[in-house]
Amino acid sequence: MESFEQCIKCTVCTVYCPMVAVNPDYPGPKQAGPDGERYRLKNPMFYDDALDLCLNCKRCEVACPSNVKIGDLIQNARLKYSARKPGLRDYMLANTDVMGSMATTFAPIVNGMLGLKPVKKVMDKTLAIDHHRTLPKYSAQKFETWFRRKARKSQEAFPEKVSYFHGCYANYNNPKLAKDFVKIMNALGYGVNLLEKEKCCGVALISNGFKEKALKQAELNLRSIRKAVSRGEMVLTTSSTCTFTMRDEYAHILGLDNSDVRGSIALATKFIYELVDLGKARLVFKKDYVKRIAYHTPCHMEKLGWAVYSTSLLRMIPGVDFNMLDSQCCGIAGTYGFKKEHYNDSQKIGESLFRQIADLNVDVVSTDCETCKWQIEMSTGVPVENPISIIADALDVEATIKANQKK
């Protein structure tokens, strides 16, 4: 964390910060990060509650010419110095496995209730979850349940395998995404294993102040990842945020040494693109698939630098009219945009993105982040799909299997 000494005070991070543009109460990443850290190290009383306004989007770090870990400085300061204790709302937003397990059991009832205006008003008043926010729907069947019943046995036939960290969203909210991943990997000649044990990557726990629980879940995930890697398997994800958290936040925020497996954790689109690019696999697409698509780069994907893999795969589909959206934050920042005190800032940050999407008149927006999906769908009315689901829908499965059997 001593990287703050590398700050040259150029303020380019402040120029790229989406929060600075909409809320004058936020001092900006330079002042909140490296400048403030010098004072906080001398005396914790210099902690400023305005740091809670930081989105942790990492755009400041992408822009920084001196490689200062500005977002990490701010996140660690919040965890270490903030006097605010997490409340019930923070617990509900952060504990995605607990809430997801309960909600999927009663999915039709939960989905119906969460869509009712009176229920949303009550949540606004009692939990400070903004009543304007459209809440994500839950699936009646978890992906893990489907996989055990319908897919696990068939994976044994594949000599080459990958392990899949599905994450909370694909497990509880959108099992189709995880099924699409299995469909693509099988067509390419790879079997899919689930990790021995998996918990939420921990990003929501970290951002809501539950560092100790995030640490325990990260340690469990790393044990499972190490077992998969020891078998010679890559660990793939379909969420840019899960990928970024396990590769970078485990070390920078939780202090866990993941250097032995960090290079074996990758986004599925990166793995698939590299297979195709190296001539180790082929994708064959349907001739009648036609879509006008816009791609949004999630902030953590921007930090990873991996948007090129997802966009390159989408461009490979002959029937796709591809449109690259300007790189900008959508404003939701995970659970940030659900909170009443942050909702207006969240929407202001995303305004120009929403206008651009409306002007393009696309059939679907594609992004690798689930919370970006929720924000864009709610704010534009345009459906949003993960690149993996678009590729799976466009894929000629039989032709792809045949093409890869010949290799």
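Residues numbered from 1 in each chain as written. Predicted model: local features only at pLDDT ≥ 70, side-chain atom pairs only at ≥ 80, totals over all residues. Heavy atoms only, no water.

J.: I would appreciate a short explanation of the sheet that holds strand β3 (residues 235-237) in the present structure.
T.: Through backbone hydrogen bonds, the strands of a sheet pair up, either in parallel or in antiparallel fashion. Read across the sheet, four strands follow the order β2-β1-β3-β4 without closing on themselves; strand pairing throughout is parallel. Edge positions in the sheet fall to β2 (190-194) and β4 (265-267), since each has one partner strand and no second. For this sheet, the mean inter-axis angle between neighbouring strands, taken without regard to orientation, is 40°. For strand β1 (residues 160-165) and β3, the ladder comprises three bridges, and the chain directions are parallel. Bridged to F165 within β3 is T237. Helix α11 (residues 175-187) rests against β1, β2 and β3 of the sheet, and its axis sits at about 145° to β2. In the packing of helix α13 (residues 211-230) onto the sheet, the strands contacted are β1, β3 and β4, and the crossing angle to β3 comes to about 125°. (Pairing = 2+ DSSP bridges. Helix = DSSP H or I, 4+ residues; strand = E, 2+ residues; numbered from the N terminus. Axes fitted to C-alpha atoms, helices over the stretch in contact; angles between N-to-C directions. Contact = heavy atoms within 4.5 Å.)

J.: What is the right way to read helix α15 (residues 268-277) from this model?
T.: Judged by how many residues are buried, α15 sits mostly within the fold: seven of 10 residues are covered. Within the span of α15, buried status applies to A268, T269, K270, F271, I272, Y273 and L275. Positive phi shows up at G279, right after α15, with a value of about 75°. (Buried < 20%, exposed > 50% of the residue type's maximum accessible area, 1.4 Å probe, protein only.)

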